[in-house]
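Summary of the model geometry
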Amino acid sequence: MNTPVLVQPVVLSGGSGTRLWPLSREKYPKQLLSLVGQDSLLQATVRRVTGTPGVTLTTPMVVCNEEYRFVIAEQLRLLGESGTVVLEPCGRNTAPALTLAALAASKGGADPVLLVMPADHVITNVAAFQDVVSRGAALADAGAVVTFGITPDAPETGYGYIQTGTQFGNADAAARSIARFVEKPDLATAQSYLDAGSYLWNSGLFMMRASVWLSALGVCRADILAACQSAWEVGQTDGEFVRVGKELFAACPSDSIDYAVMERIAANTSSSTLPAGVVLPLNAGWSDVGAWDALWQVLPKDASGNVAQGDVLLQDCENTLALSEGRLVACVGVRDLVVVETADAILVSHKDKTQDVKKIVDQLKAQKRPEGSIHRKVFRPWGSYDGVDRGARFQVKRIMVKPGGVLSLQMHHHRAEHWIVVSGTARITRGEEVFLLSENQSTFIPLGTTHRLENPGRVPLEMIEVQSGSYLGEDDIVRLEDVYGR
């Protein structure tokens, strides 16, 4: 009986998903959203590997930007997963991210097979996915670098392609050598790829042993390996978070897994210094949900091809995607539209033009408008706040503090605050005083007064905060103590 292969799931959680604006924002990107089902895309990525036959799974590892660390840790906790969260001080593309994961997985002399998965993809046929992963694990354990190519069903111009070569060995009849990687083609070229039958979409999914990746990177991009090793060696562990040297990692060149290593493996036909590159076909309902039309494709539709989520009414509509986060959205007599409502923005787009949503985000950023980067509701490690109203010298927020949540001990130079408890119990520090407030009770925090808010209870604390003063920006916070290390 074959010994199960030890597999380390590695979830790469980078990217901003600007084509899925206004749901996806720079400060809360698409992988953190529940776009298909109850799980976020990141949670679904972690969950779909559970139960894969023929392998022994370690706890998942997520590589992400430091800014998302608390939300990702919370999403893993809700899955019942402890996991390891490796923090990138700045984005350097997928090759350095995978290198940090390989260094982390090699701790203590271990050498598991890494299953590298983007956090923001959808796979509807989990059984088919697990079957291919199980087969890929055997090939990767034997020393190959394995990627999964999506069986194409259309001349798609939004994906890169992998041209398959001859059969790879005798262990798996579907395994093929990699002839070459191809950039996103025009429509005529994409159609020729589909007709040829030897091209697969590039999924961005990979499997290889940690040592194999580090060795191959050392041959192909020794500069990236050296920079990541230097940053790793001065890194520290902070609870479930692993931090690397900020300045050393910032000096690392930016490159993708494909460009840094995979294309060089595909081009290599004789050198023994590089591992073999193998591609396995994957037909499992995969989508990278890169834009709203792609999301419409994977969601359940009614008899007229419509997708409706939230408070939506449709009358005489066809092939339309309508999503509401709060307010009623009513569509009458429309075809092939995307309508997305959030608390602070509404998108209306023709389904054929959803790739251009990014241009709207570019305009928002050029105008320095917050809607391009943050939601009205902002998540913090202690809970969240929602800016429900504001004027020239006031701002109203709805605040939720999780059970056990503690805000920093802080003060403000330019604003005072009124706090009203809606539900739950609040422990208030105000200057030298410490006291409790319960439902319908309130207090006032004068300008310049040291204060802290905590939830000592077992249920969420809901509050209304009214700020007043000459300046109400989030940067008017002087933190004196913070349990989250901010």
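For the structure given in this document, a descriptive report is provided here.

Focus on the packing of helix α6 (residues 210-220) against helix α9 (residues 257-267)
Two elements in contact, α6 and α9, have axes separated by 10 Å at closest approach and are oriented at 90°. By the angle between their directions, the pair α6 and α9 is classed as roughly perpendicular. Each of W213, A216, L217 and C220 in α6 lies in contact with α9, whose residues at this interface are I257, A260, V261 and R264. Across the contact of α6 with α9, the residue classes tally to seven nonpolar, no polar and one charged.

Some remarks on unusual backbone geometry
The linkage connecting W21 with the following residue, P22, adopts the cis geometry, with an omega of 15°. If you trace the backbone, P22 turns up in the loop between β1 (5-13) and α1 (41-47). For K368, which is not glycine, the phi dihedral falls at a positive 60°. Counting through the fold element by element, K368 comes out in the loop between α11 (357-366) and β21 (377-380). Residue classification places K368 among the exposed positions, given a relative accessible area of 74%. In this structure, N440 is a non-glycine residue whose phi angle is positive, near 75°. Assignment of secondary structure puts N440 in the loop between β27 (433-437) and β28 (442-445).

Topic: the sheet that holds β21
In space, the six strands of this open sheet follow the order β21-β22-β23-β30-β25-β28, with antiparallel pairing throughout. On the outer flanks of this sheet lie β21 and β28, each paired with one strand and no other. The average angle at which neighbouring strand axes cross in this sheet is 20°, direction not considered.

A few points about the pairing of strand β5 (residues 113-118)
In regular strands, side chains alternate between the two faces of the sheet. Buried residues dominate β5, accounting for six of its six residues. As judged from the four bridges shared by β5 and strand β10 (residues 199-209), these two strands associate in the antiparallel manner. Bridging from a neighbouring strand, L115 pairs with M207 of β10.

Description of the nonpolar core
The biggest cluster of nonpolar side chains holds 89 residues, and the ones touching the most others in it are I72, F129, V146, F148, M207, W292 and L453. Take this core: its biggest share by element is six residues, from helix α4 (residues 126-141). Setting aside chain neighbours within four positions, we find I72 in contact with S13, L32, L42, V62, C64 and V85. By size, the runner-up hydrophobic cluster in this structure holds 48 residues, among which are V10, V145, A266 and V279.

A closer look at the state of the cysteines
Scanning all chains against the criterion turns up zero disulfides. We note that C252 lacks a disulfide partner, and the nearest cysteine sulfur, in C228, lies 4.0 Å from it.

What to know about helix α3 (residues 94-105)
For α3, which comprises 12 residues, the first-to-last C-alpha distance of 16 Å matches the rise-based estimate of 16 Å (1.5 Å per residue) to within 8%. Among the 12 residues in α3, 11 count as buried, and that is most of the element. Taken together, the buried positions of α3 are occupied by A95, P96, A97, L98, T99, L100, A101, A102, L103, A104 and A105.

A few points about the side chain of S40
The topology assignment puts S40 in the loop between β1 and α1. Side chain to side chain, S40 and Q75 meet in a polar contact 2.6 Å long. Filtering out sequence-adjacent residues up to four positions away, S40 remains in contact with Q31, L32, L33, S34 and Q75.

Overview of the sheet that holds strand β20 (residues 346-350)
Within the open sheet, the four strands sit side by side as β15-β17-β19-β20. Their pairing is mixed. The open sheet is flanked by β15 (307-309) and β20, the only strands paired with a single partner. Ignoring strand direction, the axes of neighbouring strands in this sheet form an average angle of 5°. Two strands pair when backbone bridges link them, and strand β17 (residues 321-324) and strand β19 (residues 337-341) are joined in this way by four bridges, in the parallel orientation. Within the sheet, the bridge partner assigned to L323 lies in β19 and is V340.

Things to note about the pattern of salt bridges
Taken as a whole and assessed by the stated rule, the structure comprises 28 salt bridges. Two residues, R376 and D386, come together in a salt bridge whose shortest N-O distance is 2.7 Å. With R376 in the loop between α11 and β21 and D386 in strand β22 (residues 383-390), this pair connects stretches of sequence that are 10 residues apart. Residue class for D386 comes out buried when judged on its relative accessible area of 16%. Two residues, R430 and E433, come together in a salt bridge whose shortest N-O distance is 2.9 Å. Overall, R430 belongs to the partly exposed group, its relative accessible area being 21%. Residue class for E433 comes out partly exposed when judged on its relative accessible area of 38%. In this structure, a network of salt bridges that share partners links the residues E66, D238 and R243.

Reading guide: rules and limits
Residues numbered from 1 in each chain as written. Predicted model: local features only at pLDDT ≥ 70, side-chain atom pairs only at ≥ 80, totals over all residues. Heavy atoms only, no water. Axes fitted to C-alpha atoms, helices over the stretch in contact; angles between N-to-C directions. Helix = DSSP H or I, 4+ residues; strand = E, 2+ residues; numbered from the N terminus. Parallel < 35°, antiparallel > 145°, perpendicular 65-115°, else oblique. Contact = heavy atoms within 4.5 Å. Nonpolar A, V, L, I, M, F, W, Y, C, P; charged D, E, K, R; others polar. Buried < 20%, exposed > 50% of the residue type's maximum accessible area, 1.4 Å probe, protein only. Pairing = 2+ DSSP bridges. Core = buried A, V, L, I, M, F, W, Y, C linked by side-chain atoms within 4.5 Å. Disulfide = S-S within 2.5 Å. Expected span 1.5 Å × (residues − 1). Polar contact = N/O pair within 3.5 Å; in protein donor to acceptor, adjacent residues only side chain to side chain. Salt bridge = Lys/Arg side-chain N within 4 Å of Asp/Glu carboxyl O.

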